[in-house]
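The chain contents come next:
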There are 2 protein chains.
Amino acid sequence: MSATAEAAAPASAKARAILEAAAELFITQGYGAVSMDAVARRAGVSKATLYAHFGAKDRLFAAIIQNACAEMRGETPEMGPAGASLFDAMLPMAIRWLSFLLRERSLGMFRVVVAEGARFPELARAFHENGPRATRQWLTGWLAAQAARGLLDAPDPALAADQCLALLRSEMFLQATLGIGAMPDEAAIAASAAAAMRTFCRAYERPRGA
Amino acid sequence: MSATAEAAAPASAKARAILEAAAELFITQGYGAVSMDAVARRAGVSKATLYAHFGAKDRLFAAIIQNACAEMRGETPEMGPAGASLFDAMLPMAIRWLSFLLRERSLGMFRVVVAEGARFPELARAFHENGPRATRQWLTGWLAAQAARGLLDAPDPALAADQCLALLRSEMFLQATLGIGAMPDEAAIAASAAAAMRTFCRAYERPRGA
DNA sequence: TGCAAACTAGACTGTACAGTTCAGTTTACC
DNA sequence: GGTAAACTGAACTGTACAGTCTAGTTTGCA
């Protein structure tokens, strides 16, 4: 077991090709189902090269997850126009975030981390910190700011953020995670996000005359 | 691939021992990490017997999931006293349900179904129907009844049920699923469930004077 | 008591796969 | 043009494991 990460930025073109091919395979098929031969074949690279860059299968897997985590950090959401109502401000970010969660790549990543969390606990932690936790932290700050402006009645902004994100991660996300039913289209995603935000705002928006 | 279920009730004592041992192993370690030798050893049974009862590894796996699904169906929640407030009625069921979700066995089951959902789509579906979907259906009915009694303002009870369950499946459940952090104790679970129900009621409870 | 079915231990087959090795080729760079 | 490093292809080793087979033992039942 040697699942510590490589440098986030892969040096050579070959290394990048390997990372990309391996990410594709691991994320769609899972760790156990992917052979190193398959990775080498897909990357258009010899096995020797593969092993020269990443010394072992678990190291390659770790590098992929770390890499994906770095990408996730780039995905900071944005908020709607400042003067708008709470709902109007939150809806676009809710749609964006739910769309991100429902991308095949995000779902695959989540699945593989859940599946291999026991074998690679530090990867599960890294995933959580760079994904869910980072989003939560960002949203907590934003909600606290809205509370300070009097738009929101949230004595515990971190809890409110949790619940906001939980509302978005509802039945639709559960089904997608399990690979059940058709992938929801844009309209369905928007509708689900809107329903979540409507409920969130009903619970948390400060009444007009308070 | 032959992942159709055995009869739900295993006939002989040996078959039951195999199912139990295999469930323990598959659910804690995942499908790929468990060898048939290990199952036979743990069940105190020869490999020949194992193969006599369940013809192949995937069939054994299917039988286990089907079996666990049948158990889940037994776990129908109960509601608090009828005359109580919405919150008081819902809190006990919320705590019970969240406790159930956070049991090692439930988490392991969820993990393994998520991990193997691509390989065994019909099992993912069975899991969903007997677990999340059954709960959702039951809760939808209950919420519709409360809405009819005027306690609740939920024009779409199924959506309300989704959101109620999503609120319970929040950060605490996510972390537990990823195997991160200490397992929450009873008090933490109760607090999380209460927070979820408070938010749910704030969004959905019909105002007193309406 | 005797038979049939269930069971056992463990050896065996075949295959898939992680990881290594090596002789030879390409590429980059001075 | 020379050389060092990166790379290739393919063969190779060792191991883990699914599934089979056999020869013999236990158990349930008439």
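Quick caveat, the model's predicted, so the values are computed rather than measured. (Residues numbered from 1 in each chain as written. Chains lettered and ligands numbered in written order. Predicted model: local features only at pLDDT ≥ 70, side-chain atom pairs only at ≥ 80, totals over all residues. Heavy atoms only, no water.)

*Asks:* How would you summarise the protein's contact with DNA strand D if you had to cite specific residues and measurements?
*Replies:* Taken together, the neighbourhood of DNA strand D is formed by 15 residues, with Lys14(A), Ser46(A), Thr49(A), Met36(B) and Lys47(B) sitting nearest. Counting only the atoms of DNA strand D that lie within 4 Å of the protein, the sugar and phosphate share comes to 64%. A distance of 3.2 Å separates a phosphate oxygen of DNA strand D from a polar side-chain atom of Tyr51(B). Lys57(B) is positioned such that a nitrogen or oxygen atom in its backbone is 2.9 Å from a phosphate oxygen of DNA strand D. The residue inventory of the surface near DNA strand D, partitioned by class, reads seven nonpolar, five polar and three charged. (Near = heavy atom within 4 Å. Polar contact = N/O pair within 3.5 Å; in protein donor to acceptor, adjacent residues only side chain to side chain. Nonpolar A, V, L, I, M, F, W, Y, C, P; charged D, E, K, R; others polar.)

*Asks:* Any details on the protein's contact with DNA strand C? Residues and values, ideally.
*Replies:* As a structural note, the neighbourhood of DNA strand C is formed by 16 residues, with Met36(A), Lys47(A), Lys57(A), Thr49(B) and His53(B) the closest of them. Counting only the atoms of DNA strand C within 4 Å of the protein, the fraction contributed by sugar and phosphate is 63%. Between Ser46(B) and DNA strand C, the recorded distance is 3.0 Å, taken from a backbone N or O atom to a phosphate oxygen. Interatomic distance of 2.4 Å between a side-chain N/O atom of Thr49(B) and a phosphate oxygen of DNA strand C. Broken down by secondary-structure element, the contributors of at least two residues to the surface near DNA strand C are α3 (47-53) of chain A together with α3 (47-53) of chain B. In the surface near DNA strand C, the residues fall into seven nonpolar, six polar and three charged. (Helix = DSSP H or I, 4+ residues; strand = E, 2+ residues; numbered from the N terminus.)

*Asks:* Lay out the interface of chain B and chain A with the relevant residues and their values.
*Replies:* In this assembly, 32 residues from chain B lie in contact with 32 residues from chain A. For the pairing of chain B and chain A, the buried interface totals around 3,000 Å² over both sides, and the portion due to carbon and sulfur atoms is 66%. Linking chain B to chain A there are zero salt bridges. Put simply, chain B and chain A have 10 residue pairs in polar contact (both at pLDDT 80 or more) between them. Listed by contribution, the elements that provide at least two residues to the side of chain B that touches chain A are α6 (104-116), α7 (121-130), α8 (132-148), α9 (157-168), α10 (171-178) and α11 (186-204) of chain B. (Contact = heavy atoms within 4.5 Å. Buried area = accessible area lost by both parts, 1.4 Å probe. Salt bridge = Lys/Arg side-chain N within 4 Å of Asp/Glu carboxyl O.)

*Asks:* An account of the relation of the copies chain B and chain A is needed here, citing residue identities and associated values.
*Replies:* In summary, the two copies of the chain are related to each other by a rotation about an axis coupled with a shift along it. Superposing chain B onto chain A takes a rotation of 180° combined with a translation of 0.0 Å along the rotation axis, leaving an RMSD of 0.1 Å. Such a combination of rotation and displacement between the chain copies is what one expects of a two-fold axis. Taken together, the interface assignments show that 100% of the residues at the interface of chain B recur at the interface of chain A, consistent with an identical surface on both copies. (Least-squares fit on C-alpha atoms with pLDDT ≥ 70 in both.)

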